[in-house]
Amino acid sequence: MSDTTDAATENEPEAGHEPQPETTQAEDRPEHPPAEQLARWLTSLVHNRDNGTLAELRRPRATEDAHIRAGWYAPAQEQREIYERVAFLFAIYHQGADRPHRGFDTMGAALSRIGSRVGRGPKDAGASRLNARIVSSRSIPWRHLRHAVARLRSCEQPPPAWSVLVDDLVRWTDREAKIRYQWAVDFHKPWRAKPAAGQAAQRKAPARTDQNA
């Protein structure tokens, strides 16, 4: 395994912006938690137009270098699949994109953005069915999450915060975390547009006392 990984940029890119220099994983770890490191690396792929790596990530369950690299950010072996599959979802959402979307809020809140001018979230039959299938699943519903990301992309709505998605899926079966319940609550909140400049664009993930929780 290599001792270095690409680090994603903190800010969204501007037209003509130069590619960002790489930093070592050891340098990045003290400042950013693992899920945020993954999100930064993924956004750097779009920012630097690394279409080859993004194409590899869009191949589900493939043993491509890109999937393995995504798994490097997992703090525990049993979490590698989550990190790799979220990277897959990121690549699906960003197919053909020239700017990275860091997203905001939980997947439940993101689902509430699916729909049209007629209605979104609970007012959209398709979004309601998709939300029900996701939050009723005891195991991580990867197929429905892929559908959710595809719907968000087609509706031109922002995705969930990728780092929050990782952390939520790590704790999916943790009864105390109540991730499924929180997503359901977020889905039924009144729909809101993307936060304006200067506002918090991402829900802070709850602190964890155990990496394997």
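One numbering rule holds for all chains: residues counted from 1, following each sequence as written. Selection of residues for local features in this predicted model requires a pLDDT of at least 70, selection of side-chain atom pairs for listing and counting requires 80 or more, and totals for whole chains, interfaces and linings are taken over all residues. Only heavy atoms go into the side-chain values, all of them from the structure, while hydrogens and water stay out.

1. A short note on the overall build of the protein chain
Then, number 1: Comment: elements are numbered from the N terminus, with helices defined as DSSP H or I runs of at least four residues and strands as E runs of at least two. A tally of regular secondary structure across the protein chain gives 10 helices and 2 strands.
Then, number 2: Order of helices (α) and strands (β) in the protein chain, N terminus to C terminus: α-α-α-α-α-α-β-β-α-α-α-α.
Then, number 3: The proportion of buried residues among the 213 residues of the protein chain is 48%.
Then, number 4: Only heavy atoms matter for contacts: two residues are in contact if any of them lie within 4.5 Å across the pair. Within the protein chain, contacts between residues at least 6 apart in sequence are counted, and of these 74% link residues at least 24 apart.
Then, number 5: Here the protein chain has roughly 11400 Å² of accessible surface; of this, 46% comes from carbon and sulfur atoms. Categorising residues by exposure relies on relative accessible area from a 1.4 Å probe, with only protein chains included: less than 20% of the type maximum marks a residue as buried, more than 50% marks it as exposed, and the intermediate range marks it as partly exposed. Surface exposure here means Shrake-Rupley accessible area, sampled with a 1.4 Å probe, where a residue is shielded only by the protein chains that are shown.

2. Description of the pattern of salt bridges
Then, number 1: We count a salt bridge whenever a side-chain nitrogen from Lys or Arg sits within 4 Å of a carboxyl oxygen from Asp or Glu. If you walk through the whole model with that rule in mind, you get 7 salt bridges.
Then, number 2: We note a salt bridge from Glu36 to Arg40, for which the minimum N-O separation is 3.2 Å. Taken together, the positions of Glu36 and Arg40, both in helix 2 (residues 34-47) and 4 residues apart, correspond to about one turn of that helix. Both residues of the pair, Glu36 and Arg40, belong to the buried class.
Then, number 3: In this structure, Arg85 and Glu81 form a salt bridge, with 3.1 Å as the shortest nitrogen-oxygen distance. Taken together, the positions of Arg85 and Glu81, both in helix 5 (residues 80-93) and 4 residues apart, correspond to about one turn of that helix.
Then, number 4: Take Arg85: its relative accessible area is 17%, and that puts it in the buried class.
Then, number 5: Here Glu81 falls in the partly exposed class, since its relative accessible area comes to 43%.
Then, number 6: Put simply, Glu36, Arg40 and Arg102 are held in one network by salt bridges that share partners.

3. Examining helix 7 (residues 125-135)
Then, number 1: All of the buried residues in helix 7 are Gly126, Ala127, Leu130, Asn131, Ile134 and Val135. Taken down its axis, helix 7 places every buried residue within 150° of arc, on the same side.
Then, number 2: One side-chain oxygen of the residue at the start of helix 7 lies 3.2 Å from the amide nitrogen of Gly126, identifying that residue as Asp124. The arc in question is formed by the directions pointing from the helix axis toward the C-beta atoms. The term polar contact refers here to a pair of N or O atoms within 3.5 Å; inside protein, the definition further demands a hydrogen-donor-capable atom paired with an acceptor-capable atom, and it admits residues adjacent in sequence only when both atoms are side-chain atoms.

4. Section: the environment of Glu84
Then, number 1: By secondary structure assignment, the location of Glu84 is in helix 5.
Then, number 2: It is 8.8 Å that separates the C-alpha atoms of Glu84 and Ala74, two residues lying 10 residues apart in sequence.
Then, number 3: Residues in contact with Glu84, not counting those within four places in the same chain, are His67, Ile68, Ala70 and Gly71.

5. A look at the side chain of Ser112
Then, number 1: Residue placement: Ser112 occurs in the loop between helix 6 (107-111) and strand 1 (115-116).
Then, number 2: For Ser112, a relative accessible area of 3% translates into the label buried.
Then, number 3: Separated by 2.5 Å, the side chain of Ser112 and the backbone oxygen of Ala109 make a polar contact.

6. Observations regarding unusual backbone geometry
Of all residues except glycine, most have a negative phi; of all peptide bonds, most are trans.
Then, number 1: For Asp105, which is not glycine, the phi torsion reads 70° and is therefore positive.
Then, number 2: Mapping Asp105 onto the fold places it in the loop between helix 5 and helix 6.
Then, number 3: In this structure Asp105 comes out as buried when scored by relative accessible area, which is 13%.

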